[in-house]
Amino acid sequence: MSAPLLGTKLHAPRRRGGLVRRPRLVTRLGEGRDRPALTLVSAPAGFGKTTLLAEWLGGTERTAWFSIDAGANDPPVFWAYVIRAFQSVAPGVGETATSILGTSPASVEPVIAALLNDLDALDGDVELVLDDYHVVESAEVHEGMTFLVEHLPPNVHVVIASRADPPLPLPRLRARGELVEIRAADLRFTGDEAAAYFNDAMGLALGADDVAALDGRTEGWIAALQLAALSMQGRDDVAAFIASFTGDDRFVVDYLVEEVLERQPAAVREFLLRTSVLTRLTGPLCDAVTGGRDGKAMLETLERANLFLVPLDDQRSWYRYHHLFGDMLRARLLDEGPDVVRDLHRRASAWYADRDDRPEAIAHAMRGEDFERAAELIELAAPYLRRTRQEATLRRWLEGIPEHLFAARPVLSVALAGARMATGDASGVESLLRGVEPWLDAQAGDAPVVYDEEEFARLPAQVAVYRAGLALLAGDVAGTVWHATRVLSLAEPSDHLRRGSASALLGLARWTAGDLDTAGNRYADAMRSLTAAGYVSDALGCALAVADIQLALGRLGDATRTFEDRLGLARDRPGLRGVADMHVGLAETALERHELDAAAAHLQAAAELGEHAGLPQHPYRRRVAAARLRHAEGDLDAALALLDEAEVVYNTDFSPSVQPIPALRARVHVAKGDVDAAMRWADGAGLGAADEPRYLREFEHVTLARVLLARGDPVAAAGLAERLLAAADEGGRVRTAIELLVLRALALDACGDRAAAVATLTEALARAEPEAYVRVFALEGKVLAPLLQAVTAGGAAGRQHAQRVLAAMTTPAVAAPRRGVLVDDLSSRELDVLRLLRSDLSGPEIARELVVSLNTVRTHTKNIYAKLGATTRREAVRRAGELGL
């Protein structure tokens, strides 16, 4: 070898200031003779491999460093540099090897043997760092390295930094314990490290949520974080930049194109670009999209080459690209033209459709703008989505279809009408139904576009169902009954779905009219029909209504059994929507008995299942139940906060609003002694003590009686309570009647008629005792205690229950122990976000998963951090784990 060696290749890079120290990785790399023969740091470009090694070995005097370039593929050149690197820290080493290399360059094994002999004679440890080893393609060099590593003396250690795994006997070294590996997953910045980089090293003063968003979006990829920091410098609106930061950022694109994409062979580059349309990759799917036959082998090659491929299972069957890398590839692919992108998506759609994976098939058809195909797939998928209560997904898909395609597609139109109705939005439903009805005429001229003939045959009954729903929303009870009855005449006996829907609508109409017995029976019919139809989630929705009616009728035991039976039915159906609602219902029945521990346990069970396990009304109902629990515990401010949250997500799913949030809030104000606030509510609601009782306003009027009593007007309160009591008794609403008797007893006592008050309370206790109602008494607190004691002293009926109530009132109201020491529990939505923070999803992906905006995710994340006392995503996840959340 005659060419001189370049000395700058043999210097370890100087550690730059302003870098983030990484003690967790330095500790893992280890020190001294206990280190294995080979340390491999293998990761894609930009993961900080060289920087980490510089930090690790920066204080070590005997580090032989060789920064490899393409010229090292000549074996004599490679080994000459290795020898010179060793000589830079151990003068005299390798002289014999150099001599052999000069005389017999064709055979390097004697060279390596001579070098090993010299190294073995050294005192102390020596490290050989081979940086950028991935540029070595020479088989002879790899063979020589294998010989070197397998014969190293114990005082010599080899460290390889590479973008791809070297073809060395890694499995054998791993089995012998002679290999330490640091990979991309290890090198990613943690949330703490990202925060230290942005705020300490770059001085950007980013908030925790901004750091978390960037860390999630970049998946801890250090180069991307650096490029993001570079892009943020000098910007006025950093938050907007973070929100829009993706793989098409010009700095990211420049880096990935120059450092990664352009360095790949043409075949690999083509494969990367064309498969970038896929959110998940597997060999056969890649073949379908690219038209090739080596998809599986190509994915294995990409993984070995650390080409930003993330395995999604242990079998290495499914992968995805690193988010930013995928963004960059898609941006580059788009340069080839939208027609290419559309064609690739359509191929992916066909592959998924052949495997009956309609959600993915639809998603790719939509992205490929093959809307007619998407319309066909959605129409066929709609019954399943309705049955599993995925109406939000169904609606999103349907509203992505161009409007003109609905004109000749009656089944699709009705699917959109149903999706909107099920999500609490009747906008445009009337127009959709009007567009469908001409197609129901068998004499219509043109044939409609129909893919689901069975659904088409049942359209008359289905349209009548939605007409009944619209009438109900308009307050037209007679219209509701007329259309629902028509459904029963149109639907075949075997059409359990439509018949069940009609029964539920008839139940709603009777409930709205205050005929609870008939409403309950209709709902029970609906529950059976929907169960027979396989619409179990809808049957659970009916169970909610049945139990609510049972509660109003004072059948607390029946309501408990309704919830428990449905919960048992759902036990063998994991993921079934509505299960969480059953737990909330059981919390309500437990609260009526003043069993606070049980109520808290059921609410916790509902929270752990997540809001996705609940029906549309679940977010509202869960918060109301939690507010009642807080009220019972005496935490009235927390109760008010929960009611505020409930109002935001208010949804009764067609059920009449018999206990409106403002009235619930007024009751808490009364309990707090803020009678003025409660009176403002009553005035604003237009309520008066002389009002005629009406069922739909009964709860509000009972609340008004409570407010009047608190204001010091017991005469008006007693009079109102008496008239309401007569109406409640007439309608068989036992729970309301008990509460009114309690209020009337308090009012009579305030008027100085203790005997009448005791008699009235005795009647209330007698009605409450069979079903063990306690809360309705206990919430009155010490003001009711003298009357209860009078009942117990009198030896009359209700004495035992009065003693039971007094015991509950004197027992500290302590709910089930909360996990950990959280000052404020996470809301159910925050728990949903926390669950996804544990995944590798970025902020925008979490937003898409939860179907909310990125800003909403940020708000929840910020709240989670505050409640958990965390400043980073990783810390929040760790803290949540410690708390058992």
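Being a predicted model, the structure only gives us computed values, none of them experimental.

1. Points about the overall build of the protein
And step 1. Helix and strand counts for the protein stand at 47 helices and 7 strands.
And step 2. With the C-alpha coordinates of the protein rotated into their principal frame, the extents come out at 120 × 75 × 50 Å.
And step 3. Across the 885 residues in the protein, those meeting the buried criterion constitute 55%.
And step 4. At a minimum sequence separation of 6, the contacts of the protein that also span at least 24 residues come to 68%.
And step 5. As presented, the protein carries roughly 37100 Å² of accessible surface, and 50% of it is formed by carbon and sulfur atoms.

2. Details of the pairing of strand E5 (residues 179-183)
A regular strand places its side chains so that they alternate between the two faces of the sheet.
And step 1. The buried fraction of E5 amounts to 4 of the 5 residues, a majority that puts the element mostly inside the structure.
And step 2. Two elements, strand E1 (residues 38-42) and E5, share 5 bridges in a ladder whose sense is parallel. Of the residues in E5, the one forming a bridge with Thr39 is Val180.

3. Focus on the packing of aromatic side chains
And step 1. Enumeration over the complete set of coordinates arrives at 13 aromatic pairs.
And step 2. On the numbers, 5.9 Å between centres and 75° between planes, the contact of Tyr321 with Phe325 is edge-to-face.
And step 3. With 6.3 Å between their ring centres and 85° between their planes, Trp511 and Tyr523 make a pair best called edge-to-face. A residue pair is termed long-range when its members are at least 10 positions apart, and Trp511 in helix H27 (residues 496-512) and Tyr523 in helix H28 (residues 516-532) qualify at 12 residues.
And step 4. Residue classification places Trp511 among the buried positions, given a relative accessible area of 3%.
And step 5. Residue classification places Tyr523 among the buried positions, given a relative accessible area of 4%.
And step 6. Ring pairing ties together the aromatic residues Phe47, Trp221, Phe308, Tyr321 and Phe325, which thus form one cluster.

4. Considerations on unusual backbone geometry
And step 1. Phi is positive for Glu219, which is not a glycine, with a value near 55°.
And step 2. Inspection of the secondary structure assignment puts Glu219 in the loop between helix H10 (208-218) and helix H11 (222-232).
And step 3. Unusually for a residue other than glycine, Arg389 sits at a positive phi of about 55°.
And step 4. For Arg389, the location among the structural elements is in the loop between helix H20 (371-387) and helix H21 (391-398).

5. Let's talk about the pattern of salt bridges
And step 1. Evaluated as defined, the whole model comprises 56 salt bridges.
And step 2. Of the charged contacts, one joins Arg434 and Glu430 as a salt bridge, the two residues approaching to 3.3 Å between their closest N and O atoms. With Arg434 and Glu430 both in helix H23 (residues 429-436) and 4 residues apart, this pair spans about one turn of that helix.
And step 3. In this structure Arg434 comes out as partly exposed when scored by relative accessible area, which is 48%.
And step 4. Here Glu647 and Arg665 are joined by a salt bridge, their closest N and O atoms 2.6 Å apart. Placement of Glu647 in helix H34 (residues 636-648) and of Arg665 in helix H35 (residues 661-672) is noted, with a sequence separation of 18 residues between them.

6. Here we look at the pairing of strand E2 (residues 63-67)
And step 1. The element E2 is largely enclosed, with a buried count of 4 among its 5 residues.
And step 2. Sheet topology note: the E2/strand E3 (residues 126-131) ladder contains 5 bridges and is parallel. The residue of E3 that forms the bridge with Ala64 is Leu128.

7. Remarks on the confidence of the model for the protein
And step 1. Mean pLDDT over the protein stands at 86; residues scoring 70 or higher make up 91%.
And step 2. Here helix H45 (residues 843-850) stands out as the least confident element of the protein, with mean pLDDT 65; helix H15 (residues 283-290) is the most confident, with 96.
And step 3. With pLDDT under 50 throughout, residues 813-823 is counted as low confidence; its partners more than four residues away or in other chains account for 30 contacts.

8. Concerning the sheet that holds strand E4 (residues 156-162)
And step 1. Read from one edge of the open sheet, 5 strands run E2-E3-E4-E1-E5, paired in parallel fashion. The open sheet has two free edges, formed respectively by E2 and E5, since each of these has just one partner strand. Neighbour to neighbour, the strand axes of the sheet diverge by 15° on average, direction disregarded.
And step 2. Inspection of the sheet shows E1 paired to E4 by 5 bridges, in the parallel sense. Note on E4: the bridge partner recorded for Ser42 is Ser162.
And step 3. Against the sheet, helix H2 (residues 49-57) engages E1, E2, E3, E4 and E5, with an angle of about 155° to E4.

9. What to know about the environment of Val252
And step 1. Examined against the element boundaries, Val252 turns out to sit in helix H13 (residues 250-259).
And step 2. We classify Val252 as buried; its relative accessible area is 0%.
And step 3. Along the backbone, Val252 and Leu324 are 72 residues apart, and their C-alpha atoms lie at a distance of 7.9 Å.

10. Remarks on the environment of Leu433
And step 1. Position of Leu433 among the secondary structure elements: in helix H23.
And step 2. Through-space distance from the C-alpha of Leu433 to that of Gly575 is 32 Å; in sequence the pair is 142 residues apart.

11. Details of H15
And step 1. When we look at burial in H15, the residues that qualify are Gly283, Leu285, Cys286, Asp287 and Val289.
And step 2. Along its buried surface, H15 packs onto helix H14 (266-275), helix H16 (295-304) and helix H18 (338-354).
And step 3. Gly291 sits one or two positions beyond H15 and adopts a positive phi of about 80°.

12. A word on the packing of helix H22 (residues 410-422) against helix H25 (residues 459-473)
And step 1. Running from N to C, H22 and H25 cross one another at 30°; their axes reach a closest spacing of 11 Å. When the axis of H22 is compared with that of H25, the two are roughly parallel. Read as a crossing pair, H22 and H25 show a hand that is left-handed. Together, Pro410, Val411, Val414, Ala417, Gly418 and Met421 of H22 and Leu459, Gln462, Val463, Tyr466, Gly469, Leu470 and Leu473 of H25 make up the contact between the two elements.

13. Focus on the environment of Arg330
And step 1. Among the secondary structure elements, Arg330 is positioned in helix H17 (residues 323-334).
And step 2. Sequence-wise, Arg330 and Leu273 are 57 residues apart; in three dimensions their C-alpha atoms are separated by 6.7 Å.
And step 3. Setting aside its immediate chain neighbours within four residues, Arg330 contacts Ser276 and His323.
And step 4. At a separation of 2.8 Å, a polar atom in the side chain of Arg330 contacts the main-chain carbonyl oxygen of Ser276.

14. So, the nonpolar core
And step 1. Counting 142 residues, the largest nonpolar core has Phe198, Leu302 and Trp511 as its most contacted members.
And step 2. Broken down by element, the residue count for this core peaks at 9 residues, all from H25.
And step 3. Dropping the residues within four chain positions of it, Trp511 is found in contact with Leu516, Ala519, Tyr523, Ala545, Asp548, Ile549, Ser655, Pro656, Val658 and Tyr695.
And step 4. Among the nonpolar cores identified, the runner-up in size contains 95 residues, and Leu664, Val742, Leu743 and Phe777 belong to it.

15. Thoughts on the packing of helix H4 (residues 95-103) against helix H5 (residues 109-120)
And step 1. Running from amino to carboxyl end, H4 crosses H5 at an angle of 170°, the nearest separation of the two axes being 7 Å. With respect to their mutual orientation, H4 and H5 come out roughly antiparallel. Residues Glu95, Thr96, Ala97, Ile100 and Leu101 of H4 form the contact with H5, whose own contacting residues are Pro110, Val111, Ala114, Leu115 and Asp118.
And step 2. Of the residues belonging to the contact of H4 with H5, the class tally is 7 nonpolar, 1 polar and 2 charged.

Definitions and cut-offs
Residues numbered from 1 in each chain as written. Predicted model: local features only at pLDDT ≥ 70, side-chain atom pairs only at ≥ 80, totals over all residues. Heavy atoms only, no water. Helix = DSSP H or I, 4+ residues; strand = E, 2+ residues; numbered from the N terminus. Buried < 20%, exposed > 50% of the residue type's maximum accessible area, 1.4 Å probe, protein only. Contact = heavy atoms within 4.5 Å. Areas by Shrake-Rupley, 256 points an atom, 1.4 Å probe, with all protein chains shown as cover. Pairing = 2+ DSSP bridges. Phe/Tyr/Trp six-rings, centres within 6.5 Å; stacked < 30°, edge-to-face > 60°. Salt bridge = Lys/Arg side-chain N within 4 Å of Asp/Glu carboxyl O. pLDDT = per-residue confidence, 0-100. Axes fitted to C-alpha atoms, helices over the stretch in contact; angles between N-to-C directions. Parallel < 35°, antiparallel > 145°, perpendicular 65-115°, else oblique. Left-handed = near helix turned anticlockwise from the far one by under 90°. Polar contact = N/O pair within 3.5 Å; in protein donor to acceptor, adjacent residues only side chain to side chain. Core = buried A, V, L, I, M, F, W, Y, C linked by side-chain atoms within 4.5 Å. Nonpolar A, V, L, I, M, F, W, Y, C, P; charged D, E, K, R; others polar.

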